[in-house]
Amino acid sequence: YKDGMAYTENKTLINKAKRLQVKADMVYNQDEIRIILSGYLDEQPTFLQLQLIHPTLETRDESVLLQQTSDGSYLGLSENSQLGKRKVWLQSPEQEWMLKDEALIENGKALSLRQ
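Overview of the structure. (Residues numbered from 1 in each chain as written. Predicted model: local features only at pLDDT ≥ 70, side-chain atom pairs only at ≥ 80, totals over all residues. Heavy atoms only, no water.)

Re the pattern of salt bridges
- The tally for this structure, following the rule as stated, stands at four salt bridges.
- Ionic pairing is found between Arg-34 and Glu-32, a salt bridge with its closest N-O pair at 3.9 Å.
- Take Glu-32: its relative accessible area is 29%, and that puts it in the partly exposed class.
- For the salt bridge of Glu-106 with Lys-109, the shortest nitrogen-to-oxygen distance reads 3.8 Å.
- Overall, Glu-106 belongs to the partly exposed group, its relative accessible area being 36%.
- Taking the relative accessible area as the measure of exposure, Lys-109 reaches 33% and is therefore partly exposed. (Salt bridge = Lys/Arg side-chain N within 4 Å of Asp/Glu carboxyl O. Buried < 20%, exposed > 50% of the residue type's maximum accessible area, 1.4 Å probe, protein only.)

Right, dumping it as structure tokens:
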């Protein structure tokens, strides 16, 4: 039941991101993650929640809170400097949208997340 509810909730969040055409450009640099957000947002969220999910090892999953900076980008610190292939979930809890993607996380490499 809970899995079904989570799936439905995720679909709603993902569909909202599609409607708003949310796009996030992300760079992982050392232990710092910076995201520049674009789309049809009435206002920028004050923070974002990023989940980096390892394909097989739950102990390597990481959740990072990104705060909006003065230049409009979002910055967060990664405590787990494990790079490699990850499922990437970016969510705005206050605006109720989510981007889900899969990417190879490499130091200094720019990624573009969108639905």
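From this point, things continue past the structure.
Looking at unusual backbone geometry
- Phi at Gln-21 takes a positive value of approximately 55°, unusual for a residue other than glycine.
- Examined against the element boundaries, Gln-21 turns out to sit in the loop between helix 1 (2–20) and strand 1 (23–29).
- Under the relative-accessibility criterion, Gln-21 is labelled exposed at 51%.
- Its identity as a non-glycine residue notwithstanding, Gln-30 has a phi of 60°, on the positive side.
- Relative to the elements of secondary structure, Gln-30 occurs in the loop between strand 1 and strand 2 (32–38).
- What makes Gln-30 exposed here is its relative accessible area of 54%. (Helix = DSSP H or I, 4+ residues; strand = E, 2+ residues; numbered from the N terminus.)

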